[in-house]
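# Inside the fold
Given next are the chains, with one letter for each unit.
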Amino acid sequence: MARPIDDQGRALLDAASELLTTEGIAALTVRRIATAAGCSTMGVYSRFGGKDGVLEELYKEGVRRLFAAIDEVGETDDPLGDLRRCCLSYRRYALENAAHYLVVFGGAAPGFQPSQDALEAALESFGRLARRVERAQEANQLRTDVAADDLAEVIWGAIHGHVMLDIVRMSATLNDPEERYRRTVDALLRGLAPGADGTA
């Protein structure tokens, strides 16, 4: 069973997150993490076993935060509206937790391999999105000739791409990134509506 994270462990994770955000993966060494957190390198090893242990915790914490962002949307009698709000919440989560997001979904730590439990938890975030898609299908708000998982993957791929552009501050048009993202989500959902391309 994983040991609870104490105050020093929390300080180490916060320091690692800040280093990753501001300086990139090259700055994420045991010595730099310890120095930034105001402790010895032994504090990193005793709590996390080394840098990969820190990355594992950042990964799992990133997944937990994503769960919270998806779940906080709740459910109403408008499943498509709920799905749209879920997509908007996904972007807010990614921008507010960029270091965690990049560890989980952005390949920010080459060579790092999360545990099987962490990987399965990350896939459950996709499951949460797929269930929202399925609710919209059941309400006849999204096409039903394609499996919910397949539609969810289309949506996830599109919103992930835009989120990554936002995180690296890249834009081809210099348009407002939030408005650009909202337009993308709306266009996606319209394109996946029943009858949008002559399908059910």
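Regarding its fold elements, the chain presents nine helices and zero strands. Written out in order from the N terminus, the α and β elements of the chain read α-α-α-α-α-α-α-α-α. Residues counted as buried form 44% of the 200 residues belonging to the chain. In the chain, the share of contacts with a sequence separation of at least 24, taken over all contacts with a separation of at least 6, comes to 64%.

With 17 residues, helix H1 (residues 7-23) extends 24 Å between its outermost C-alpha atoms, agreeing within 8% with the 24 Å of an ideal straight helix rising 1.5 Å per residue. Within H1, burial applies to Gly-9, Leu-12, Leu-13, Ala-15, Ala-16, Ser-17, Leu-19 and Leu-20. Check the buried side of H1 and you find it contacts helix H2 (30-37), helix H3 (41-48), helix H4 (51-71) and helix H6 (98-105). The opening residue of H1, the one whose side-chain oxygen lies 3.3 Å from the backbone nitrogen of Gln-8, is Asp-6. Downstream of H1 by one or two residues, Gly-24 has phi in the positive range, about 90°.

Next up on the list: the packing of H1 against H2. Packed helix pairs are characterised by how far apart their axes lie and by the angle those axes make with each other. Look at H1 against H2: their axes get within 8 Å of each other, and the N-to-C directions meet at 115°. The element H1 and its partner H2 pack so that their crossing is right-handed. Of the residues in H2, those touching H1 at Gln-8, Ala-11, Leu-12, Ala-15, Ala-16, Leu-19 and Glu-23 are Arg-32, Ile-33, Ala-34, Ala-36 and Ala-37. For the contact of H1 with H2, a count of residues per class yields nine nonpolar, one polar and two charged.

The rules behind the values
Residues numbered from 1 in each chain as written. Predicted model: local features only at pLDDT ≥ 70, side-chain atom pairs only at ≥ 80, totals over all residues. Heavy atoms only, no water. Helix = DSSP H or I, 4+ residues; strand = E, 2+ residues; numbered from the N terminus. Buried < 20%, exposed > 50% of the residue type's maximum accessible area, 1.4 Å probe, protein only. Contact = heavy atoms within 4.5 Å. Expected span 1.5 Å × (residues − 1). Polar contact = N/O pair within 3.5 Å; in protein donor to acceptor, adjacent residues only side chain to side chain. Axes fitted to C-alpha atoms, helices over the stretch in contact; angles between N-to-C directions. Left-handed = near helix turned anticlockwise from the far one by under 90°. Nonpolar A, V, L, I, M, F, W, Y, C, P; charged D, E, K, R; others polar.

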